[in-house]
Amino acid sequence: MERRLAAIVCVDVAGYSRMMGTDEAGTHSVFKAHRSAIHPIILNHGGRVVKNTGDGFLLEFPSIVGAIEAAIALQTRMAERNNHLPADRAMQFRLGIHMGDVIADEDEVFGDDVNIAVRLESVAAPGGVAISAKAYGEAGKHLSVPLVNAGSHRFKNIKEAIGVWTWEPAGAAARSRQAQEASALPSQYRTAIVGVLPFANLSDDSDDYFSDGLTEDLIHALSLQSFYRVLGRNSTFAFKDKSLSPRLIAREIDATYLIQGSVRRAGTKIRVTAELIAPESGEQLWTGRYDPDIGDIFAVQDEITTSLSAAIAPEIFRAEASAPARTSSIDLTAWDRFLKGLSRYYQHTKPDFESSIELFRQAVALDPGLSIARAYLATIMVQGVHYGWIKSTRELWSSAMELAETSVRLDPRSSFAFSILAYLHAMEGHYEEAMEAVKKAVELNPYDMGARGVQGICHLVIGEHRQAIELLSMAFQRGNSDPRYQWAALNAFSHYLLGQYDASLSWAREALYLNPNHLQVLAVRAAALAQLGRREEAGQAAEVLLSNYPGLTVERHLRNFHWRNPADIARYRDGLVKAGVPFGKLTVVASSRA
């Protein structure tokens, strides 16, 4: 073994676990191609590859100036290569650079200074470089590019704080802003700021990659929502392994909500726990635990990310809806009215529905560009028809469709906007348009269980009920707390149309827990009982339906159903008639006396 002074560069691929989970072979192939393309840059600056680490590599240079120049040239080359690729296929490296005394044993290098370079990589922006203050002090006067002082950071197993300087390619900040602006609400409306703290690894250090990868993937998944802002990994990973209170961390990074959790390997399972907290009050808003079999580790990571995102996102909506207005103005802004409307909507009663509709309309009137208010207004209007709380008219459906179409135009990166547009097209019998819109919604946010469920609705209306049940059941399991969607009610219809009447009754019972007067659920329940030959119960169910909605007829009820398969309409009509629901409006004709 020998000791020598060296410059160490640690290279890592941002989001590598997520990319491997999506396309393992393709990601590995692209990574190898990039590595080959930048290898000459390493050699031209006198460097060598110490070792490959699966999702990155470790480099050694005899000169710190050469190491930094090579790193910047490498990232510039990668930016050029990524510039020709779609955003979802771009591969971005993060680089950490430090210098110091290293132990060399054969072709390996060891020591605290190597560990510091590895830790520095974690605070580099994707496509950027993080350099220790020690290395910058030695090389700064010889560099031709400007670096930014990123302050001091503390790292795991490193006793002293490390000063950090950073560099990003020209235009990186502008591209980041463009990406945010393309998919987000105007800045004055993005009042909720969410920070995802690094999940604690409660097993040995070899599982750090899983806990860190899970944290990264959850940041990515939540950031695809347009309702709130999610802080990047650089903001939260700086607090990894630090014993600070959530309140102090939240104040440091200006976060409204924090998500924290832990990962522990237990035999053939990995246990993941997570919680959503309001740090100022210390209130725990949500908690969850997942115990999947290890199996394919990347598939497990993606499964947990999807489940966490689906559970946490609606809880943030719910928390924001009940939060006090963040303005000192006496006159409520459009955003304040939207949040007040959201709060009333979550009460889920007829009077609250009516109040929320009025508040959403006021929000749209005050700010016609508020896309999310239009999407919610369209949702609640149609939902009100299905509940039987709002009269179904041609004007209402036209208005809802206009709201959804405008919402998509105003925020073309919102999966929710495309989901409600797809839903309305499905309800109107526009099958191709519905499938096209929901495909876009899923592409925009693969973690959005609302989009997956609406995809199930599209399959329902075109008669593909087994596919519908699979998607609707998934959405129910993972997004059960979100009142925007009525998965149980829709599952009741899918099972009914397959002739699975007992299952239909089970789902109807589930839906009626939330809303005992749900018109469509009361109707399908009566029809299912009738098809099972349970005549007395079917008659009682029809009485309950008609007592809640006097004047309802089969003919009138079926006007709101535009299923593509005539046999589906016929099966539903048959069940309603058998249950004793009047087919059409009776006309009394007076007899004349001779």
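Please read all numbers here as calculations on a predicted model, not as lab measurements. (Residues numbered from 1 in each chain as written. Predicted model: local features only at pLDDT ≥ 70, side-chain atom pairs only at ≥ 80, totals over all residues. Heavy atoms only, no water.)

**Regarding the overall build of the chain**
For step 1, the next point in the chain: For the chain, the helix and strand inventory stands at 24 helices and 14 strands.
For step 2, the next point in the chain: For the chain, with 594 residues in total, the buried portion stands at 54%. (Helix = DSSP H or I, 4+ residues; strand = E, 2+ residues; numbered from the N terminus. Buried < 20%, exposed > 50% of the residue type's maximum accessible area, 1.4 Å probe, protein only.)

**Here's the deal with the side chain of serine 407**
For step 1, the next point in the chain: Mapped onto the secondary structure, serine 407 falls in helix α14 (residues 394-410).
For step 2, the next point in the chain: Among the polar contacts listed, one links the side chain of serine 407 to the side chain of serine 371, at a separation of 2.8 Å.
For step 3, the next point in the chain: Ignoring any residue separated from it by four or fewer positions in sequence, one finds serine 407 in contact with Ser371, Arg374, Ala375 and Ala417. (Polar contact = N/O pair within 3.5 Å; in protein donor to acceptor, adjacent residues only side chain to side chain. Contact = heavy atoms within 4.5 Å.)

**Looking at the pairing of strand β12 (residues 257-266)**
Residues in a regular strand point their side chains to alternate faces of the sheet.
For step 1, the next point in the chain: Taken together, the three bridges between strand β9 (residues 193-196) and β12 define a ladder with parallel strand orientation. In the sheet register, valine 194 faces β12, and the bridge partner there is tyrosine 257.
For step 2, the next point in the chain: With two bridges connecting them, strand β10 (residues 200-201) and β12 associate as parallel partners. By the bridge assignment for β12, alanine 200 is matched with serine 262.
For step 3, the next point in the chain: Looking at chain direction, β12 and strand β13 (residues 269-278) are connected through nine bridges and run antiparallel. Paired with isoleucine 259 across the bridge in β13 is leucine 276.
For step 4, the next point in the chain: If you look at the hairpin formed by β12 and β13, you'll find two residues sitting between the two strands, and glycine 267 has a positive phi there, around 65°. (Pairing = 2+ DSSP bridges.)

**A short note on helix α4 (residues 112-121)**
For step 1, the next point in the chain: Residues of α4 that are buried: Asp113, Val114, Ile116, Ala117, Leu120 and Glu121. Projected down its long axis, α4 shows its buried positions confined to an angular sector of 160°, all on one face.
For step 2, the next point in the chain: At its buried positions, α4 is contacted by β1 (2-13), β3 (56-61), β4 (93-105), β5 (108-110), β6 (129-132) and β8 (162-167). (Arc of directions from axis to C-beta.)

**Observations concerning the confidence of the model for the chain**
For step 1, the next point in the chain: Mean pLDDT over the chain stands at 83; residues scoring 70 or higher make up 89%.
For step 2, the next point in the chain: Here residues 586-594 is modelled with pLDDT under 50, and outside its nearest four sequence neighbours on either side it reaches zero contacts, counting other chains as well. (pLDDT = per-residue confidence, 0-100.)

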